[in-house]
Amino acid sequence: MPRGITPRRPARTGRQEGTGRAAGKRPAALRAARTGGGARPSIERVIRSKKAYNPIAPERIHEILNRLDSLYPDATCALHHKSAWELLVATILSAQSTDVRVNMVTPELFRKYPTVQDFAALTPEQLQPDVRSTGFFRNKSKSVVGAAKKIVSEFGGQVPDQMEQILTLPGVARKTANVVLGTWFHKNEGVVVDTHVHRISRRLELTRNDDPKKIEQDLMKIIPRDKWTLFSHQVIWHGRKLCIARRPKCVDCPLENICHAADKTWSTVEMQKNAK
């Protein structure tokens, strides 16, 4: 190549001539993750052959799930725990906090109070100094102590494994219940909708809703039930590693050519203005 001449980089909109060839110049490992190791998947031809673009077409959902499986085959909850009770506490503490921060707090917390009975013997005020760094520590202390007391008095000291029962615990809504039931008890009763699942599900056009309860219902209709828990974990990890909120790493994302999000930083496909 003559000195001083550099190859033209694809436009961020991906609408320029030769866009389709740009993806072919990517590393082999990335192409394999995107296409399953072979030619461009038939999913694109299937979708584009239809008169109306359908973002929740079964073929597209299947392709999204396959690529997430390739990226994060062993994805699981990032909160450290050794029992259903420890996972419940960690999940309550993770609200408006980070898993990293919670994982810094819980080892000493569970060393100091090893059992659910130990927590049940506390007052919220006694627990507050131990969880202060996770934020909203007053409400979280009240929820954890309240949940412990109810578990000891009504469930024999064992975290219930039924949705109806676990939702009666203080501080436990569907997100927390789905984390515990899916991760510890391996029961797919729903989809965990945290900030990552909320944001990425909208970017991938799997839902148009903004309310977590409605988003969960939308996802439960299109994601196979046996995938609900794994899908949640995979999307959460995807949100941390590639589909970052402020500046997604679209150029490195194996889902890029089936993602039409309006706020992509780089695209080889047409973007949809409502997908964000």
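Parameters and conventions
- Residues numbered from 1 in each chain as written.
- Predicted model: local features only at pLDDT ≥ 70, side-chain atom pairs only at ≥ 80, totals over all residues.
- Heavy atoms only, no water.
- Core = buried A, V, L, I, M, F, W, Y, C linked by side-chain atoms within 4.5 Å.
- Buried < 20%, exposed > 50% of the residue type's maximum accessible area, 1.4 Å probe, protein only.
- Helix = DSSP H or I, 4+ residues; strand = E, 2+ residues; numbered from the N terminus.
- Contact = heavy atoms within 4.5 Å.
- Arc of directions from axis to C-beta.
- Expected span 1.5 Å × (residues − 1).
- Salt bridge = Lys/Arg side-chain N within 4 Å of Asp/Glu carboxyl O.
- Disulfide = S-S within 2.5 Å.
- Axes fitted to C-alpha atoms, helices over the stretch in contact; angles between N-to-C directions.
- Nonpolar A, V, L, I, M, F, W, Y, C, P; charged D, E, K, R; others polar.
- Parallel < 35°, antiparallel > 145°, perpendicular 65-115°, else oblique.
- Left-handed = near helix turned anticlockwise from the far one by under 90°.

Trainee: Sorry if this is basic, but what is going on with the nonpolar core here?
Mentor: By size, the foremost hydrophobic cluster in this structure holds 37 residues, and its most contacted members are Trp85, Leu88, Leu109, Phe119, Leu127 and Ile166. At the level of secondary structure, the elements contributing two or more residues to this core comprise helix 5 (84–93), helix 6 (99–112), helix 7 (116–120), helix 8 (124–131), helix 9 (137–154), helix 10 (163–166) and helix 11 (174–183). Residue contributions to this core peak at eight residues, all from helix 5. Discounting residues that sit within four places of it in the chain, Phe119 has contacts with Trp85, Leu109, Phe110, Tyr113, Leu127, Val144, Val145 and Ala148.

Trainee: So what exactly am I meant to see when it comes to helix 8 here?
Mentor: Counting along an α-helix, one turn takes 3.6 residues, and residues three or four places apart therefore face a common direction. All buried positions along helix 8 are accounted for by Leu127, Gln128 and Val131. Angular distribution of buried residues about the axis of helix 8 spans 120°; they occupy a single face of the element. More than 90 degrees from the buried face of helix 8, the exposed residues found are Glu125 and Pro129. Elements in contact with the buried residues of helix 8: helix 5, helix 6, helix 7 and helix 9.

Trainee: Honestly, unusual backbone geometry in this entry has me stumped. Any pointers?
Mentor: Backbone phi values are negative for most residues with the exception of glycine, while trans is the configuration of most peptide bonds. Positioned with a positive phi, Gln96 is a non-glycine residue whose angle comes to about 55°. Mapped onto the fold, Gln96 is located in the loop between helix 5 and helix 6. For Gln96, a relative accessible area of 69% translates into the label exposed. Even without being a glycine, His186 presents a positive backbone phi close to 55°.

Trainee: So what exactly am I meant to see when it comes to helix 14 (residues 228–241) here?
Mentor: For helix 14, which comprises 14 residues, the first-to-last C-alpha distance of 20 Å matches the rise-based estimate of 20 Å (1.5 Å per residue) to within 8%. Counting buried positions over the 14 residues of helix 14 gives ten, a clear majority of the element. For helix 14, the elements touching its buried residues are helix 4 (58–71), helix 11, helix 12 (195–203) and helix 13 (212–222).

Trainee: What is the right way to read the pattern of salt bridges from this model?
Mentor: Side chains bearing opposite charge may pair, as long as their charged atoms lie close to each other. Using the criterion set out here, one finds eleven salt bridges in the structure. In this structure, Asp69 engages Lys227 in a salt bridge whose closest nitrogen and oxygen atoms are separated by 2.5 Å. Within this pair, whereas Asp69 is found in helix 4, its partner Lys227 is found in the loop between helix 13 and helix 14, the two being separated by 158 residues in sequence. Where Arg174 meets Glu216, a salt bridge forms, and the shortest distance between an N and an O atom there is 2.8 Å. Of this pair, Arg174 sits in helix 11 while Glu216 is found in helix 13, placing the two residues 42 residues apart along the sequence.

Trainee: Sorry if this is basic, but what is going on with the environment of Leu93 here?
Mentor: Checked against the element boundaries, Leu93 lands in helix 5. Overall, the relative accessible area of 1% leaves Leu93 in the buried class. Sequence separation of Leu93 and Val105 is twelve residues, and the distance between their C-alpha atoms is 9.3 Å. Non-local contacts of Leu93, meaning those with residues more than four positions away in its chain, are made with Val102, Thr106, Leu109, Val131, Thr134, Lys140 and Val144.

Trainee: Please explain the state of the cysteines as it appears in this structure.
Mentor: Every disulfide links exactly two cysteines, by a covalent bond between their sulfur atoms. Following the criterion strictly, the structure yields zero disulfides and no others. Cysteine Cys253 is unpaired, with the sulfur of Cys243 as its nearest cysteine sulfur at 6.5 Å. Residue classification places Cys253 among the buried positions, given a relative accessible area of 10%.

Trainee: Whenever I open this one, the packing of helix 6 against helix 8 confuses me. Can you help?
Mentor: The relative placement of two packed helices comes down to the angle between their axes together with the axis-to-axis distance. The contact between helix 6 and helix 8 brings their axes to 10 Å, and the two run at 140°. On helix 8, the residues touching Val105, Leu109 and Lys112 of helix 6 are Leu127, Asp130 and Val131. Its residues assigned to classes, the contact of helix 6 with helix 8 shows four nonpolar, no polar and two charged.

Trainee: Looking at this structure, I do not really get the environment of Leu169. What am I missing?
Mentor: Mapped onto the elements of the fold, Leu169 is located in the loop between helix 10 and helix 11. Relative accessible area serves as the criterion here: at 2%, Leu169 is assigned to the buried category. A sequence separation of 18 residues divides Leu169 from Ile151, and the C-alpha atoms of the two residues are 7.8 Å apart. When residues no more than four places from it in sequence are discounted, the contact partners of Leu169 are Leu88, Ala147, Lys150, Ile151, Phe155 and Pro160.

Trainee: Got a minute to help me understand the packing of helix 4 against helix 14 in this structure?
Mentor: Contact pair helix 4 / helix 14: the axes reach a minimum separation of 10 Å and the direction vectors enclose 70°. On the basis of their axis angle, the class for helix 4 and helix 14 is roughly perpendicular. Considering how the two elements wind past one another, helix 4 and helix 14 form a crossing that is left-handed. Residue-level contacts link Leu65, Leu68, Asp69 and Leu71 of helix 4 to Leu230, Phe231, Gln234, Val235 and His238 of helix 14. Looking at the contact of helix 4 with helix 14, its residues break down into six nonpolar, two polar and one charged.

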